[in-house]
Structure formats: structure tokens, C-alpha cells
Amino acid sequence: MTLKRHLGRYALSGLLQWALEYAVVLALSQWLLPIAAANVIGRVCGALFGFWLNGRWTFAGHSHGLSRLAGLRFVLVWAAMTALNTTWVGLIAHHTDLRTAQLLKPVGDIITAGLGFLLSRHWVYRR
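Residues numbered from 1 in each chain as written. Predicted model: local features only at pLDDT ≥ 70, side-chain atom pairs only at ≥ 80, totals over all residues. Heavy atoms only, no water.

1. A word on the overall build of the protein chain
Of regular secondary structure, the protein chain possesses 4 helices and 0 strands. Start at the N end of the protein chain and walk to the C end: the helices and strands fall as α-α-α-α. Here the protein chain has a C-alpha radius of gyration of 15 Å; the compact-globule value for 127 residues is 14 Å, and the two agree. Principal axes of the C-alpha set define a box for the protein chain whose edges measure 45 × 25 × 20 Å. Sorting the 127 residues of the protein chain into buried and exposed places 39% on the buried side. Here the protein chain has roughly 7,200 Å² of accessible surface; of this, 73% comes from carbon and sulfur atoms. (Helix = DSSP H or I, 4+ residues; strand = E, 2+ residues; numbered from the N terminus. Rg over C-alpha atoms; globule rule 2.2 N^0.38 Å. Buried < 20%, exposed > 50% of the residue type's maximum accessible area, 1.4 Å probe, protein only. Areas by Shrake-Rupley, 256 points an atom, 1.4 Å probe, with all protein chains shown as cover.)

2. Description of the packing of aromatic side chains
Evaluated as defined, the whole model comprises 7 aromatic pairs. Where Trp18 meets Tyr22, the ring centres are 4.8 Å apart and the plane angle is 15°; that geometry is what we call stacked. Separated by 4 residues within a single helix, Trp18 and Tyr22 lie in helix H1 (residues 3-31), roughly one turn from each other. Relative to Tyr125, the ring of Phe59 has its centre 5.3 Å away and its plane inclined at 20°; by these criteria the two rings are stacked. Taken together, the residues Phe59 in the loop between helix H2 (35-58) and helix H3 (68-95) and Tyr125 in the segment after helix H4 (98-124) connect sequence positions 66 residues apart. Accessibility assignment for this pair places Phe59 and Tyr125 in one class, buried. Through a chain of ring-to-ring contacts, the aromatic side chains of Tyr10, Phe51, Phe59, Phe74, Phe117 and Tyr125 assemble into a single cluster. (Phe/Tyr/Trp six-rings, centres within 6.5 Å; stacked < 30°, edge-to-face > 60°.)

3. Structural notes on the pattern of salt bridges
With the rule as written, the count across this model stands at 3 salt bridges. For the salt bridge of Glu21 with Lys105, the shortest nitrogen-to-oxygen distance reads 2.7 Å. Of this pair, Glu21 sits in helix H1 while Lys105 sits in helix H4; the two residues are 84 residues apart in sequence, bridging distant segments of the chain. The two residues Glu21 and Lys105 agree in class, both being buried. A network of salt bridges, in which partner residues are shared, links Glu21, Arg43, Lys105 and Asp109. (Salt bridge = Lys/Arg side-chain N within 4 Å of Asp/Glu carboxyl O.)

Written out as C-alpha cells, the structure reads:
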């Protein structure tokens, strides 16, 4: 599959995944939890959906797909991206306020999505 097709599918999958994640983060941080904790829970929800969708649709093919090894690799990449993303929103909230952190969260999401795409295409889903 071409880079263009992978990138297009990853972008669409990512938008769906991100919408779920962001909704969970907003709801939890507004009423129940500090933003860092809400961010981790939101990322878990998005990750479960995204792993399945990217493995079955975005990167599906003879040299890519879902497997136990892909799951392990995904967890490693996800943990690193979550740490990076959570540090981002936590620092913003600490130095400004919750609303600013909520509004700037998408910037961190874009950065980690780009890194996640490269790692997913070339390592996570590769057989």
C-alpha cells in the first residue's frame, strides 16, 4: 500500500480516535479528575479503538496486520506517546490553567500522531 493511502487512512482513523479521546478528556477533566489523569484515561479509550482500526483497515495487508507482536509494540509506542502527551498538558495546566491546557491539547495530539504514524507504519504493524 502506498504512503499516500496509509497516510489518508491513518488521518481518518486518527480523527475518529481523537474525537473519542478528546471527548473523554474534556468530560473527565471538567467534572471528575485532574487533566493529567483524564488524559491517560482518554488515551486508553482512543488507543483500544485505534489499535483495532489501524490494524484492520489502515495498515492491513500482507506485510502488515494485527498480531501479538503488533500488540506489544503498540503498547510500547502508546506508553511513550502518552507520557509525552500527558507531560505536555500537565505542564500547560501547571503554568497556566485548565482551560488553556484543554484548548492546547490538540497541539500535543498532532505531534504525537505524527510520531505514532511513522512508528506504526514502519514498526508496530509490520510482520
